[in-house]
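One-letter residues, chain by chain:
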Amino acid sequence: MAIFGALNSIFGRKPGTLLSNSMAIDLGTANTLVYLQGRGIVLEQPSVVAINRETNELVAVGHDAKAMLGRTGTTLQALKPLKDGVITNATATMAMLREFFSMAKTRRISMRPRVLVCVPSGITEVEVSAVRTALERAGAREVLLVSEPLASAIGVGIPVEGAAGNMVVDIGGGTTEVAVISLSSISANNSIRIGGDEIDNAISIYLKKQYSLLIGERTAELVKIRMGTVLEDDDEEYEVSGLDFVNGIPETYIINSEDIRKALKEVVGTIVEAVRHGLEKTPPELASDIVDRGVVLTGGGALLRGLDRLLMSETGLPIRVADNPLSCTVLGAGLILEDIYRYRNLLL
Ligand SMILES: Nc1ncnc2c1ncn2[C@@H]1O[C@H](COP(=O)(O)OP(=O)(O)OP(=O)(O)O)[C@@H](O)[C@H]1O
Ligand SMILES: [Mg+2]
């Protein structure tokens, strides 16, 4: 196996030619995805764990744990071990990864895979080391790193090796990353620790202020996915239930698109500003490429209705939402694994 590993490292591997023992992982604030070399994407789960506080035992991970968010009592705790794109609870991250590894595992992949992990471009060395440690403790034999925007760009089919500049804007759960890519590297970037979680939060705060209604983070996300919009002409209604904090009893209100637009105005404004700022940092030659080629939106936040149109009117650039915004990062990392020799310069 060691010889195969070395050959894989040196020459890269054509699918099916050698036993593969590598996986790519997008360890996101909201979702974790795993790509097995030679197989494709095999796992897509929320980055959530549920733990028994008394015994410290892992009770559930992924979808099962997410369903428990905000519903647990004193014994059980459901939590997200990452925030703003980085690990905030090392033990829980490690336990979650170990579980995901075993869910993704097949007979072809050993317990100790080589792992290519995607990390935010603004990540610090301390945060990188936390990712590395969590993966190693979860069973990784070797950890390779790639910047998320580069992986996303490959995942949406951008020719990253060319000289022409391409802009990718990834709006994830915890971060928004704006990156200009050319010649296999990031030529300009702007990363803010604001993403889908902040959008959910803005909805919660608005409903609390406007209707004295307290809702949980799961409900806020659901409202966003069902009727989140920044389009002026959207006119929808939606029933939201929560706790009226004045009377202390459960209540249901009907909210409309105007409520949502008002709730999202500030946080969406911050995201638009981040894109503008990324453009300002772009070298002129690459900026002119972006005028021609436009911007690709990735990450779950790219699905917010009307965000592409808003960005188009605010920047004057052509904007396109990726076909697979939630999975393009891990797909790109997987493609790097499949042709590691070609993409070796992209690794951090
Ligand atoms: N239809 C939708 N409309 C708006 N937002 C959505 C939609 N679907 C998913 N999202 C949001 O996308 C976010 C998750 O996106 P993604 O999986 O790309 O994040 P992540 O990679 O886990 O986070 P990060 O990259 O910041 O660490 C969540 O906030 C989720 O609520
Ligand atoms: Mg992401």
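Predicted model, so just to flag it, every value in this text is computed and none were measured.

(A) Structural view of the overall build of the protein. Helix and strand content of the protein: 11 helices and 18 strands. Radius of gyration (C-alpha) of the protein: 21 Å, near the 20 Å computed for a compact globule of 348 residues. Referenced to the eigenvectors of the C-alpha coordinate spread, the extents of the protein come out at roughly 70 × 55 × 30 Å. Out of the 348 residues belonging to the protein, those deemed buried represent 51%. Here the contacts in the protein between residues at least 6 apart in sequence split such that 63% fall between residues at least 24 apart. Taken as a whole, the protein presents about 15,900 Å² of accessible surface, with 51% of it coming from carbon and sulfur. Seen as two clouds, the 34 positive and the 42 negative side-chain charges of the protein have centres 8 Å apart.

(B) Summary view of the side chain of Ser-327. Structurally, the position occupied by Ser-327 is in the loop between β18 (319–321) and α11 (328–338). What makes Ser-327 buried here is its relative accessible area of 14%. The contacts of Ser-327, once residues within four sequence positions are left out, are Leu-33 and Ile-41.

(C) Quick peek at unusual backbone geometry. At Asn-56, a residue that is not glycine, the phi angle is positive and equals roughly 65°. Tracing the backbone shows Asn-56 in the loop between β4 (49–52) and β5 (58–61). With relative accessibility at 63%, the residue Asn-56 sits in the exposed group. In this structure, Asp-84 takes a positive phi of about 50° despite not being glycine. Here Asp-84 is to be found in the loop between β7 (82–83) and β8 (86–87).

(D) Main features of the environment of Ala-287. Relative to the helices and strands, Ala-287 resides in helix α9 (residues 284–293). C-alpha separation for the pair Ala-287 and Met-167, spaced 120 residues apart in sequence, amounts to 9.0 Å.

(E) Spotlight on the nonpolar core. Of all hydrophobic cores here, the largest spans 38 residues; its most connected members are Val-169, Leu-207, Val-223, Val-240 and Ile-255. Counting residues per element, this core draws most heavily on helix α8 (residues 257–280), at eight residues. In this structure, this core is formed jointly by two domains, domain 2 (159–194 + 269–321) and domain 3 (196–264), each of which donates at least three residues. Setting aside its immediate chain neighbours within four residues, Val-223 contacts Ile-203, Gly-228, Tyr-238, Val-240, Ile-255 and Ile-260.

(F) Spatial organisation of helix α7 (residues 217–227). Restricting attention to buried positions, one finds in α7 the residues Ala-220, Glu-221, Val-223, Lys-224 and Met-227. On an axial view of α7, the arc spanned by its buried residues comes to 165°, and they lie on one face. In this fold, the buried residues of α7 make contact with α2 (62–66), α6 (196–211), β15 (237–244), β16 (249–256) and α8.

(G) Fine view of the sheet that holds β4. Spatially, three strands are ordered β5-β4-β6 in an open sheet, and the strand pairing comes out antiparallel. At either margin of the open sheet sits one strand with a lone partner, and together these are β5 and β6 (76–79). If you compare each strand with its neighbour and ignore which way they point, the axes differ by 20° on average.

Thresholds applied
- Residues numbered from 1 in each chain as written.
- Chains lettered and ligands numbered in written order.
- Predicted model: local features only at pLDDT ≥ 70, side-chain atom pairs only at ≥ 80, totals over all residues.
- Heavy atoms only, no water.
- Helix = DSSP H or I, 4+ residues; strand = E, 2+ residues; numbered from the N terminus.
- Rg over C-alpha atoms; globule rule 2.2 N^0.38 Å.
- Buried < 20%, exposed > 50% of the residue type's maximum accessible area, 1.4 Å probe, protein only.
- Contact = heavy atoms within 4.5 Å.
- Areas by Shrake-Rupley, 256 points an atom, 1.4 Å probe, with all protein chains shown as cover.
- Lys, Arg positive; Asp, Glu negative; His and termini not counted.
- Charge placed at Lys NZ, Arg CZ, Asp CG, Glu CD.
- Core = buried A, V, L, I, M, F, W, Y, C linked by side-chain atoms within 4.5 Å.
- Domains from an automatic or database assignment.
- Arc of directions from axis to C-beta.
- Pairing = 2+ DSSP bridges.
- Axes fitted to C-alpha atoms, helices over the stretch in contact; angles between N-to-C directions.

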